[in-house]
Amino acid sequence: MMIRILTVLLAATLSSVDCFSQATQPAVAEDFKPSTLNQPGQEYPQVNSQGYARFRIKAPKADSVRVSLGLGGRGGTKLAKGEDGFWTGTTEGPLDEGFHYYHLTVDGGTFNDPGALNYYGSVRWESGIEIPAHDQDFYALKDVPHGNVQQILFPSKSTSTSRRAFVYTPPGYEKEKSKKYPVLYLQHGWGEDETAWSNQGHANLIMDNLMAEGKIKPFLIVMTYGMTNEVKWGRMKDFSIVPFQTVLVDELIPYVDANFRTLANKDNRAMAGLSMGGMETHTITLNKPDVFGAYALLSGGVYNPEELKDKPKAKLIFLSCGSKENPDRVNKATADLKAAGYNAVSYVSEKTAHEFLTWRRSLHEVAPLLFK
């Protein structure tokens with residue numbers, strides 16, 4: 001009997017808390033506008049000033065439509081069917097600022113939103129939506145001198161094929177024929193590819209804006225595909241760094257140094273990566289400490305003094321993550337590295353998780369520190 005009473009009291013308490021929460025939650029502002037990542041002429045998806053997203057999908061013969069975005073990991077946002085055959089729904093709460101991948105589930109099948117542009121992530125082309133960030137000015141397209149992002153195909157004997165990379169060259173690179181530049185090798189995360197940092201990350205715009213403000217010295221960025229032995233999510237223990245390390249160190253770097261005007265030495269070469277790219281950066285810089293002079297892990301783990309012991313000392317070790325990830329670990333690792341005599345810097349992106357606004361902000365923070 002006592003257990004039943006307690007159960008009823010608990011249920012009543014939770015119900016009252018839920019009612020209170022609903023009563024105090026601000027009303028959804030009806031100032032929705034099309035996402036900036038929509039396909040031309042498409043009105044949906046939409047985003048409002050609070051960060052809510054609204055979707056509208058035409059599927060007159062469907063029995064259920066769901067969007068993978070939503071709160072709390074509860075299966076995303078369910079859309080409701082109207083008499084006109086359109087399914088409409090709004091996320092139950094605001095999303096984090098910045099870029100998000102998403103897809104539709106229609107009667108159990110996975111599809112992209114026909115209204116949104118597509119981006120390679122999660123090992124497939126996913127729909128993308130942008131929640132405007134309060135600090136988005138640093139990666140905005142502005143009327144400043146712009147660099148170029150060009151595709152290169154470099155020979156890879158180790159994989160018996162030509163592999164693709166994208167190279168960002170700063171404004172003025174084509175005109176100043178005698179000038180040589182440092183290089184950052186910048187890696188994507190798991191399920192993404194060499195297009196991610198330019199498309200989702202706006203790395204080129206971040207660089208253009210920093211240079212226009214006089215905050216960094218110009219340098220090249222090289223972005224290539226980081227998977228040489230394909231593994232599925234949950235099987236990362238089967239991933240071997242050796243094939244990609246060979247591609248990067250023995251094939252790509254020599255090709256870039258031979259075909260671009262680079263300062264081809266350790267002090268003018270850095271490596272960074274987000275998530276899985278951070279794992280690759282961590283492993284390769286430990287394996288090849290004579291190749292890179294600066295390291296940056298963006299939501300990609302940490303270094304500790306013991307594993308760096310007896311290796312050539314890096315000019316900079318940069319560790320970052322979102323405040324919704326594990327900032328205590330990043331800050332502690334940075335403090336330990338500093339205590340051991342390393343030039344270590346930490347950065348925590350406020351109110352973001354394992355997502356591209358964290359990594360855009362991280363690149364913006366680390367770029368001015370790399371090649372002083």
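Structural data are supplied above this passage.
Just so you know, these numbers come straight off a predicted model, no measurement behind them. (Residues numbered from 1 in each chain as written. Predicted model: local features only at pLDDT ≥ 70, side-chain atom pairs only at ≥ 80, totals over all residues. Heavy atoms only, no water.)

Trainee: It is not clear to me how the pattern of salt bridges should be interpreted in this structure. Could you clarify?
Mentor: When charged atoms on two side chains of opposite charge get close, those side chains can pair. For the structure shown, the criterion picks out 13 salt bridges. Its salt-bridge partner being Arg54, residue Glu30 comes within 2.9 Å of it at the nearest N-O pair. In this pair, Glu30 is assigned in the loop between α1 (2–24) and β1 (33–34) and Arg54 in strand β3 (residues 53–58), connecting sequence segments 24 residues apart. Across the pair Glu97 and Arg361 runs a salt bridge, and its minimum N-O distance is 3.7 Å. Here the residue Glu97 occupies a position in the loop between β7 (86–90) and β8 (98–102), and Arg361 occupies one in helix α8 (residues 356–370), the gap between them amounting to 264 residues. Using a relative accessible area of 25% as the deciding quantity, one classes Glu97 as partly exposed. (Salt bridge = Lys/Arg side-chain N within 4 Å of Asp/Glu carboxyl O. Helix = DSSP H or I, 4+ residues; strand = E, 2+ residues; numbered from the N terminus. Buried < 20%, exposed > 50% of the residue type's maximum accessible area, 1.4 Å probe, protein only.)

Trainee: Help me understand the sheet that holds strand β19 (residues 316–322) in this model?
Mentor: Pairing in this open sheet of 8 strands is mixed, and the strands run β13-β14-β16-β15-β17-β18-β19-β20 from one edge to the other. Every other strand in the sheet has two partners, leaving β13 (148–156) and β20 (344–349) as the edge strands with one partner each. Within this sheet the neighbouring strands show an average axis-to-axis angle of 20 degrees, counted without direction. Here β19 pairs with β20 via 6 bridges, running parallel. Each residue of the ladder has a partner; that of Cys321, found in β20, is Val348. Contacts from helix α4 (residues 241–259) reach β13, β14 (161–169), β15 (183–187), β16 (220–224) and β17 (269–274) within the one sheet, and its direction differs from that of β13 by about 120 degrees. (Pairing = 2+ DSSP bridges. Axes fitted to C-alpha atoms, helices over the stretch in contact; angles between N-to-C directions. Contact = heavy atoms within 4.5 Å.)

Trainee: For this particular structure, what's the right way to read α8?
Mentor: Note on helix geometry: an α-helix contains 3.6 residues per turn, so any two residues three or four positions apart are oriented the same way. Along its 15 residues, α8 runs 20 Å from first to last C-alpha, staying within 8% of the 21 Å computed at 1.5 Å per residue. When we look at burial in α8, the residues that qualify are Phe356, Leu357, Thr358, Trp359, Arg360, Arg361, Ser362, Leu363, His364, Val366, Ala367 and Leu370. (Expected span 1.5 Å × (residues − 1).)

Trainee: Looking at this model, I keep getting lost on the packing of helix α3 (residues 203–212) against α8. Mind explaining?
Mentor: The axes of two packed helices give the description: the angle between them and the distance between them. Running from amino to carboxyl end, α3 crosses α8 at an angle of 40 degrees, the nearest separation of the two axes being 10 Å. Relative to α8, the element α3 is oriented oblique. The element α3 and its partner α8 pack so that their crossing is right-handed. Facing α3, whose interface residues are Ala203, Ile206, Met207 and Leu210, α8 presents Arg360, Leu363, His364, Ala367 and Pro368. A breakdown of the residues in the contact of α3 with α8 according to their chemical character gives 7 nonpolar, 1 polar and 1 charged. (Parallel < 35°, antiparallel > 145°, perpendicular 65-115°, else oblique. Left-handed = near helix turned anticlockwise from the far one by under 90°. Nonpolar A, V, L, I, M, F, W, Y, C, P; charged D, E, K, R; others polar.)

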